[in-house]
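A look at the structure
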Amino acid sequence: MLNIDSAEIAYGAIRAVKGVSLHVNPGEVVAIIGANGAGKSTLLKGIVGLEPLTRGTVTINGIDCSTMPPHERLRVGVAMSPEGRGVFPEQTVHENLLLGAYSKRSDPVKIEQLLQQEFARFPRLQERREQQAGTLSGGEQQMLAISRALMSEPKLLLLDEPSLGLAPLIIAEIFRSIRALRDSGLTILLVEQMAKQALAVADRAYVLESGDITLEGTGVELLNNQAVRAAYLGSH
């Protein structure tokens, strides 16, 4: 579903991503863990086209997307729920979801089906359908950001720090939703600082440090890796 080969992304003279290669198979949940500033979010932006590659390739669903603009990558089948949620604060929940379905604007029946699907996934969004997104709680905004991405019916969903700034009960609800999406067969690439939760839900995972992949393995293998435990899970 996703293949990244020797990808590099730079901000001027600073190389934020340094020759990263990884893959995500159809139906997998793959996690990327690492400290702040490791290049995780930059890598996701490179996948969807928000940051240009200075070197390397990104292939999505068998199509080389390395130089495609973001809206064309959406048509290939990738969507992202960004770090910080990125909802449109002055638009209602309903309007935010409709924006997520912009690529399907010629099919109102399909859009309504997708709306009902997302309201079933997160009932609080239906309760707040006509409420401005900027007035939602952080957890509700995260639900909205995920649902907005799903409104395009992606084959590959990128989740960037979905637990950021949320209370423990809301984090548990978000990860239940990720498990349900995994069980439905959706392919997911998850960037997350809460390494224990990310590795518990992931089929495979990569550790990104200073723009480089330093470790990879199954979620269980990395959960039990002593170096990972010491750096990201607590040595005990």
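Preceding this paragraph is the structure being described.
Residues numbered from 1 in each chain as written. Predicted model: local features only at pLDDT ≥ 70, side-chain atom pairs only at ≥ 80, totals over all residues. Heavy atoms only, no water.

**Thoughts on the overall build of the chain**
To keep things clear, this is the line we draw: Here a strand is any run of E in DSSP of at least two residues, a helix any run of H or I of at least four, and the numbering for each starts at the N terminus. For the radius of gyration, the atoms used are the C-alpha atoms, and the globule rule reads 2.2 Å times the number of residues raised to 0.38. Here's how the labels work: a residue is buried when its accessible area is under 20% of the maximum for its type, exposed when over 50%, partly exposed in between, all with a 1.4 Å probe on protein chains only. To be clear on the numbers: accessible area is Shrake-Rupley with a 1.4 Å probe, and residue cover counts the displayed protein chains and nothing else. A positive count includes Lys and Arg, and a negative count includes Asp and Glu. His and the chain ends are not counted in either. For the purpose of locating charges, the reference atoms are NZ of Lys, CZ of Arg, CG of Asp and CD of Glu.
Helix and strand content of the chain: 10 helices and 10 strands. Taking 18 Å as the expected radius of gyration for a compact globule of 236 residues, we find that the chain reaches 17 Å, a close match to that expectation. If one aligns the C-alpha atoms of the chain with their principal axes, the spans along those axes are about 45 × 40 × 30 Å. With 236 residues in all, the chain has 49% of them scored as buried. Roughly 10,700 Å² of accessible area belongs to the chain as shown, and the carbon and sulfur atoms make up 51% of that amount. Distance between charge centres in the chain, computed from 23 positive and 26 negative side chains, equals 1 Å.

**Points about the pairing of strand S1 (residues 2-11)**
This is how the line gets drawn: At least two DSSP bridges between two strands are required for those strands to pair.
The sheet contact formed by S1 and strand S2 (residues 14-24) spans eight bridges and is antiparallel. Residue pairing in the sheet places Asn 3 in a bridge with His 23 of S2. Here S1 runs beside strand S4 (residues 55-60); their pairing, made up of five bridges, is antiparallel. Bridged to Asp 5 within S4 is Thr 57.

**Regarding the nonpolar core**
For the record, the criterion: Here, nonpolar core means buried Ala, Val, Leu, Ile, Met, Phe, Trp, Tyr and Cys residues that are tied together by side-chain atoms lying within 4.5 Å of each other. Contacts are assigned to residue pairs that have any heavy atoms within 4.5 Å of one another.
Counting 44 residues, the largest nonpolar core has Leu 144, Leu 157, Ile 178, Ile 188 and Leu 190 as its most contacted members. With residues up to four places along the chain from it excluded, the contact list for Leu 157 reads Ala 79, Ala 149, Leu 150, Leu 181, Leu 186, Thr 187, Ile 188 and Leu 189. Within the second largest apolar cluster, 28 residues are counted, among which are Val 17, Met 80, Val 191 and Leu 208.

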